[in-house]
Amino acid sequence: ALKSLEYALKAVDPKQIIKSKLLLKNSNLHVDVCSFDLKKFKNVYVVGGGKASGSMAEALEQVLGTFIKKGLVNVPNGSKHKTAIIKFHEASHPIPDEAGVEGTRRILEIAEQAKEGDLIICLISGGGSSLMPLPRGKISIADKREITNALLKCGATINEINTVRKHISDFKGGWLAKKAYPATILNLILSDVVGDPLDFIASGPTVPDSTTFSDANKILKKYGLWHKAPASIKKVLSDGEKGLIPETPKANDEAFKKVFNVVVGNNRLASLTAQEHLKSEGLNTLLLTSMLEGEARHVGVMLASIAREVFTSGNPIPKPAGIIA
C-alpha cells in the first residue's frame, strides 16, 4: 500500500509531468492535442503561481531554454528552484500577503505588455489562489485574509471559497486572460480540485468564470459570514450584484478564443498509477473513485465498511484486494 502511494506521488511530480507531457521538436512545441511553432511568436513569456509552479517552471525552462524571453512565477516562501530566465517571487500560502500582491502585479505587467504575436505560457497549480492575490477596488490584503480565514474555518468547499475569491479579485476568474488579450495563452494546469473544473483550479485566472457576484453573496450568507465580512468586500460584492462594476469574464468573451487549457496532471492520474502498482503485485484491484470528497472521519468509516465487505463476502472484488479511492 505504501509503495503504491509512492508511485502515485511520483506520477504527479511537477517536474516529471512537464518533461513527460511536453515535446519540443525543432521549434515545434507539442503538448496534449495542442501544437505551437515557437518561431512564429515574437516573444514567449512564462507566468504563473501555485505550490507546484516553481518545479513546473524549472522543468519548462529545461525543455524550452532560450525560446523563453522572460517570466515570473509566484511560489511559496522557502521554495528552492534554479532557473536562468524565469524569476521566482516568494509569497505566503495558504493565507495571502503583500508579497503575493506585489508578485501578481508584476505578472500582470508581463501579461499586459504582451502583444498579438506573443505567447504566454501560464503555469497553474493548487495554492495559486493564495499565491496570486490582487484585491479588487478598495479591498485590502488584510480584508481578503480575514474572509479567506473565515471561509476556511466554516467548512466551505474549495469551490465555494474560490467563488468568493474570484469576485473580490482583479486577477482571478478570467481577468488575467482578459488583460493579456490579444496574446495567445497556453495554460499548463496541475489540478488539485476534484473533477478538474478549470475555473476553480487556482480560481481560474485564464478561464471563463461560471459563477456570479450573486453566487458569492449567497455563499457568505449561507455560512453566516455576510454581516461579519469587511465593509470593503461587502461593497464590491453588492456593487457587482447591482451591475455597477463589471462581472468576471464569461465564456462568450473573445479573449478566451486565444486560450488553450491542458490539464497535465490530476487525482485520476495518481489513482490509476497506484492501481497499476497494486495490480503488478498480484492483487485484484478496483479504482473505486477519484472523486472522493468529505470529512476524513466520515470517509474513513465508509472505507472501513468496504474493507469489511471484501473480507466477509468478496464484494466488490475478492481477496487479495487493492481498492483505490
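Presented here is an overview of the structure given in this document.

Focus: the overall build of the protein
So, step 1. Along the backbone of the protein there are 12 helices and 11 strands.
So, step 2. Its C-alpha atoms give the protein a radius of gyration of 21 Å, within 12% of the compact-globule value 20 Å for 325 residues.
So, step 3. C-alpha extents for the protein along the principal axes are approximately 60 × 60 × 40 Å.
So, step 4. Considering only contacts within the protein whose residues lie at least 6 apart along the sequence, 75% involve residues at least 24 apart.
So, step 5. Of the roughly 15,300 Å² of accessible surface on the protein, 54% is carried by carbon and sulfur atoms.
So, step 6. Separation of charge centres in the protein, based on 43 positive and 33 negative side chains, amounts to 1 Å.

Regarding the state of the cysteines
Here a disulfide denotes one covalent bond, and it connects the sulfur atoms of two cysteines.
So, step 1. This structure, assessed with the given rule, holds 0 disulfides.
So, step 2. Cys34 takes part in no disulfide bond, and the closest cysteine sulfur, belonging to Cys122, lies 14 Å away.

Regarding the sheet that holds strand E8 (residues 184-190)
Picture the strands of a sheet paired through backbone hydrogen bonds; they go either parallel or antiparallel.
So, step 1. Ordered by their spatial adjacency, 6 strands build an open sheet running E6-E5-E4-E7-E8-E9, and the pairing between neighbours is parallel. The open sheet has two edge strands, strand E6 (86-91) and strand E9 (259-265), and neither has a second partner. Between one strand axis and the next, the sheet turns through 20 degrees on average, direction left out of account.
So, step 2. In this structure, strand E5 (residues 70-76) lies alongside E6, joined through 6 bridges in parallel fashion. When the sheet's bridge partners are listed, Gly71 is paired in E6 with Ile86.
So, step 3. Strands strand E4 (44-49), E5, E6 and strand E7 (119-125) of the sheet are contacted by helix H4 (residues 98-113), whose axis makes an angle of about 155 degrees with E5.

Some details on the packing of aromatic side chains
So, step 1. What the rule picks out here adds up to 2 aromatic pairs.
So, step 2. Ring geometry for Phe36 versus Phe41: centroids 6.5 Å apart, planes at 45 degrees, classification tilted.
So, step 3. Look at Phe41 and you get buried, because its relative accessible area is 17%.
So, step 4. Geometrically, the ring pair formed by Phe36 and Phe260 is edge-to-face, given 5.4 Å between the ring centres and 85 degrees between the ring planes. Linking Phe36 in strand E3 (residues 34-37) with Phe260 in strand E9, this pair joins segments that are 224 residues apart in sequence.
So, step 5. Exposure remark for Phe260: the relative accessible area of 33% places this residue in the partly exposed category.
So, step 6. Here the aromatic residues Phe36, Phe41 and Phe260 are joined through ring pairs into a cluster of three or more.
So, step 7. Here Lys10 stacks its cationic end above the ring of Tyr7, 5.8 Å away from the centre of that ring.
So, step 8. Across the ring face of Phe311, the terminal group of Lys319 is positioned such that the distance to the ring centre comes to 4.4 Å.

Some thoughts on the nonpolar core
So, step 1. Judged by nonpolar contacts, the single largest core of 29 residues is most densely connected at Leu60, Ile121, Leu123, Leu186 and Leu188.
So, step 2. Sort the elements by how many residues they give to this core and helix H3 (residues 53-64) lands first, with 5 residues.
So, step 3. If sequence neighbours within four positions are ignored, Ile121 has contacts with Leu29, Val44, Tyr45, Val46, Val47, Leu60, Leu64, Leu186 and Leu188.
So, step 4. With 27 residues, the next largest nonpolar core counts Met132, Ala180, Val193 and Ile201 among its residues.

So, the pairing of strand E10 (residues 284-287)
So, step 1. Of the pairings in the sheet, the one linking E10 to strand E11 (residues 321-324) comprises 4 bridges and is parallel in character. Each residue of the ladder has a partner; that of Thr285, found in E11, is Gly322.
So, step 2. In terms of handedness, the path from E10 via helix H12 (residues 296-313) over to E11 forms a crossover that is right-handed.

Considerations on the sheet that holds strand E2 (residues 28-31)
So, step 1. A sheet is described by the order of its strands in space; here 3 strands give the open sequence E1-E2-E3, paired in antiparallel fashion. Where the open sheet ends on each side, the last strands, each with one partner, are strand E1 (22-25) and E3. Mean inter-strand twist for the sheet, computed between neighbouring axes without regard to direction, equals 20 degrees.
So, step 2. Relative to E3, E2 is paired through 4 bridges, and the arrangement is antiparallel. Bridging from a neighbouring strand, Asn28 pairs with Asp37 of E3.

Some words on a positive patch on the surface
So, step 1. On the surface, Lys42, Lys69, Lys70, Lys87, Arg106 and Lys115 cluster together to form a positively charged patch.
So, step 2. Following the sequence through the fold, Lys42 ends up in the loop between E3 and E4.
So, step 3. With a relative accessible area of 72%, Lys42 lands in the exposed category.

Rules behind the numbers
- Residues numbered from 1 in each chain as written.
- Predicted model: local features only at pLDDT ≥ 70, side-chain atom pairs only at ≥ 80, totals over all residues.
- Heavy atoms only, no water.
- Helix = DSSP H or I, 4+ residues; strand = E, 2+ residues; numbered from the N terminus.
- Rg over C-alpha atoms; globule rule 2.2 N^0.38 Å.
- Contact = heavy atoms within 4.5 Å.
- Areas by Shrake-Rupley, 256 points an atom, 1.4 Å probe, with all protein chains shown as cover.
- Lys, Arg positive; Asp, Glu negative; His and termini not counted.
- Charge placed at Lys NZ, Arg CZ, Asp CG, Glu CD.
- Disulfide = S-S within 2.5 Å.
- Pairing = 2+ DSSP bridges.
- Axes fitted to C-alpha atoms, helices over the stretch in contact; angles between N-to-C directions.
- Phe/Tyr/Trp six-rings, centres within 6.5 Å; stacked < 30°, edge-to-face > 60°.
- Buried < 20%, exposed > 50% of the residue type's maximum accessible area, 1.4 Å probe, protein only.
- Lys NZ or Arg CZ within 6 Å of the ring centre and 35° of its normal.
- Core = buried A, V, L, I, M, F, W, Y, C linked by side-chain atoms within 4.5 Å.
- Right-handed = clockwise from strand over helix to strand, strands pointing away.
- Patch = residues over 30% accessible without salt bridge, like charges linked within 9 Å, V, L, I, M, F, W, Y side chains within 5 Å.
- Salt bridge = Lys/Arg side-chain N within 4 Å of Asp/Glu carboxyl O.

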